[in-house]
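An overview of the molecular structure
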Amino acid sequence: MNNNAKKGLLGVVIVVICGLLYYFLYWTKTPAYSLNILREAVVKHDVVLFEKHFDTETFINRAFDDLLAAHESSTGLELTRHPLGAGLVSIVKPGIVNQLQAELRAAVSGTERDQGEKQSRHELVKGVEKQVPYISGIRDVSVLSRDDTWAHVAVEVRDGQLEEDLTLKLKLYRLPDDTWQVKECTNLAEFIQERERLTAEKLAELNRGVHKKLQQLVAFSEESSRVVSNKNPFLPTYTLVDSFTVKNVGTKQLTAFEGSYVLPHGEQQALNFTKDFSSADPLAPGEEKSVRVRWQLNPLLAEEKFVIDNGQELSGGYHEITAVTFADGTSLQLLKELPVHQ
């Protein structure tokens, strides 16, 4: 081996050594490295390693509050602003947090929950689980800020259902061995709201053609709605009574139909009041029928309180058809959920 070859080999060795030093002295101490450890812990079903780098209790406690905040924002539910509602939340929160922790540990360990445990899960837990399968992969990890104790990291994930890239922001705590532990997701409420917005937009796009066809099959007229109360000053109840005439303006007999009553709330679309109705009465071409439906109203829901407060002067409400079933067994309906891409 000549001198040039020896120098070349020495240069390669130096590069390799520098690379190893970089790996052990820098990369192993970065938040991204600890996130990679989490991935490996899941692959190996190592719960102990996972929980070293993921504070399940702190993360889920904060996530519960953010999920509730997102739900209140999207539905207008003002539960935590009322003493009774806030008290109810404080009662049910520990049980839901425990369920979510158990679900997470089971997922990491690769064990299956028994049927009884699955059936007893709270609706919020089931709602969270519905979102998880749509996160199909991690696109990128970047450090937003970092000091000796805390790091803020942006994780870009791929949503397989929306076919969009979304960003989760994580807060990590430095451990004594200079690795990191995930403490919380700092934008979970915004993440959920963004996902709901994108979902609504994609549903509207997918349903545009079907919505037009449905409008050509059923027509509404003589629409009126009003709120009635039991006038009990101690335990008041409120009911929305909605009346309308529906007509089959198509050429095929209908055996059932579904629809929605919508009362817009100005520019706050999230607070639009919407209630669904259905009928299994046959409707021949050209035939029309009078329909009356009643819905109990909850004054804790912002959009329903709006209806209660304006119950004697409701205007601007409208009906729209969402599904029909024909006598030949075929049907036409709007999508309520996005299709899952395999």
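These figures come from a predicted structure and were not determined experimentally. (Residues numbered from 1 in each chain as written. Predicted model: local features only at pLDDT ≥ 70, side-chain atom pairs only at ≥ 80, totals over all residues. Heavy atoms only, no water.)

Below, the discussion takes up the sheet that holds strand β6 (residues 238–248). What links the strands of a sheet is backbone hydrogen bonding, and the strands pair in either a parallel or an antiparallel sense. Pairing is antiparallel across the open sheet formed by 3 strands, whose spatial order is β5-β6-β9. At either end of the open sheet lies a strand with only one pairing partner, and these are β5 (218–229) and β9 (288–297). Sheet twist, expressed as the mean angle between neighbouring strand axes with direction ignored, is 15 degrees. Across 10 bridges, the pairing between β6 and β9 is antiparallel. Directly across from tyrosine 238, in β9, lies its bridge partner leucine 297. Set on the sheet, helix α9 (residues 302–309) makes contact with β5, β6 and β9; between it and β9 the angle comes to about 110 degrees. (Pairing = 2+ DSSP bridges. Helix = DSSP H or I, 4+ residues; strand = E, 2+ residues; numbered from the N terminus. Axes fitted to C-alpha atoms, helices over the stretch in contact; angles between N-to-C directions. Contact = heavy atoms within 4.5 Å.)

The next point concerns the pairing of strand β8 (residues 273–279). Judged by which residues are buried, β8 turns out to be one-sided: Phe273, Lys275, Phe277 and Ser279 face inward and are buried, whereas Thr274, Asp276 and Ser278, on the alternate face, are not. The pairing of strand β7 (residues 254–263) with β8 spans 7 bridges and is classified as antiparallel. Residue pairing in the sheet places valine 262 in a bridge with threonine 274 of β8. (Buried < 20%, exposed > 50% of the residue type's maximum accessible area, 1.4 Å probe, protein only.)

Note that an α-helix has 3.6 residues per turn; residues three or four places apart therefore point the same way. The terminal C-alpha atoms of helix α2 (residues 31–44), which comprises 14 residues, lie 20 Å apart, in line with the 20 Å expected from a rise of 1.5 Å per residue. Residues of α2 that are buried: Pro31, Ala32, Tyr33, Ser34, Leu35, Ile37, Leu38 and Ala41. Just downstream of α2, histidine 45 is the residue with a positive phi angle, here 55 degrees. (Expected span 1.5 Å × (residues − 1).)

Tallied over the full model, the rule gives 17 salt bridges. One salt bridge in this structure joins arginine 197 and glutamate 201, with 2.6 Å as the shortest N-O distance. Of the two residues, arginine 197 and glutamate 201 both sit in helix α8 (residues 188–215), 4 residues apart, roughly one turn of that helix. (Salt bridge = Lys/Arg side-chain N within 4 Å of Asp/Glu carboxyl O.)

As a further point, take the side chain of serine 243. Secondary-structure assignment places serine 243 in strand β6. What makes serine 243 buried here is its relative accessible area of 15%. Side chain to side chain, serine 243 and arginine 292 meet in a polar contact 3.3 Å long. Setting aside chain neighbours within four positions, we find serine 243 in contact with Glu222, Glu223, Ser224, Val291 and Arg292. (Polar contact = N/O pair within 3.5 Å; in protein donor to acceptor, adjacent residues only side chain to side chain.)

Our next topic: the nonpolar core. The biggest cluster of nonpolar side chains holds 36 residues, and the ones touching the most others in it are Leu35, Phe59, Leu170, Leu172 and Val182. The set of elements that each furnish at least two residues to this core consists of α2, α4 (56–75), α5 (83–109), β2 (150–159), β3 (164–174), β4 (180–185) and α8. With 7 residues, the single largest contributor to this core is α4. Once residues lying within four places of it in the same chain are set aside, the contact partners of leucine 172 are Pro31, Leu35, Thr149, Trp150, Ala151, Val153, Trp180, Gln181, Val182 and Lys183. The next biggest cluster of nonpolar side chains, apart from the first, holds 26 residues, and it includes Leu297, Val307, Val324 and Phe326. (Core = buried A, V, L, I, M, F, W, Y, C linked by side-chain atoms within 4.5 Å.)

This part is about unusual backbone geometry. Phi is positive for glutamate 163, which is not a glycine, with a value near 55 degrees. In this structure, glutamate 163 sits in the loop between β2 and β3. Taking relative accessible area as the criterion, glutamate 163 reaches 46% and is therefore assigned partly exposed. You will see that aspartate 178, though not glycine, has its phi angle at about 70 degrees, which is positive. In this structure, aspartate 178 sits in the loop between β3 and β4. Judged by relative accessible area, which is 24%, aspartate 178 ranks as partly exposed.

Turning next to the sheet that holds strand β11 (residues 331–333). Read across the open sheet, the 4 strands follow the order β8-β7-β10-β11; overall the sheet is antiparallel. What marks the edges here is a single partner per strand, and that holds for β8 and β11. Within this sheet the neighbouring strands show an average axis-to-axis angle of 20 degrees, counted without direction. Each of β10 (318–326) and β11 touches α8; the most contacted strand, β10, lies at about 90 degrees to it. Packing against the sheet, α9 makes contact with β7 and β8, and its axis sits at approximately 85 degrees to β8.

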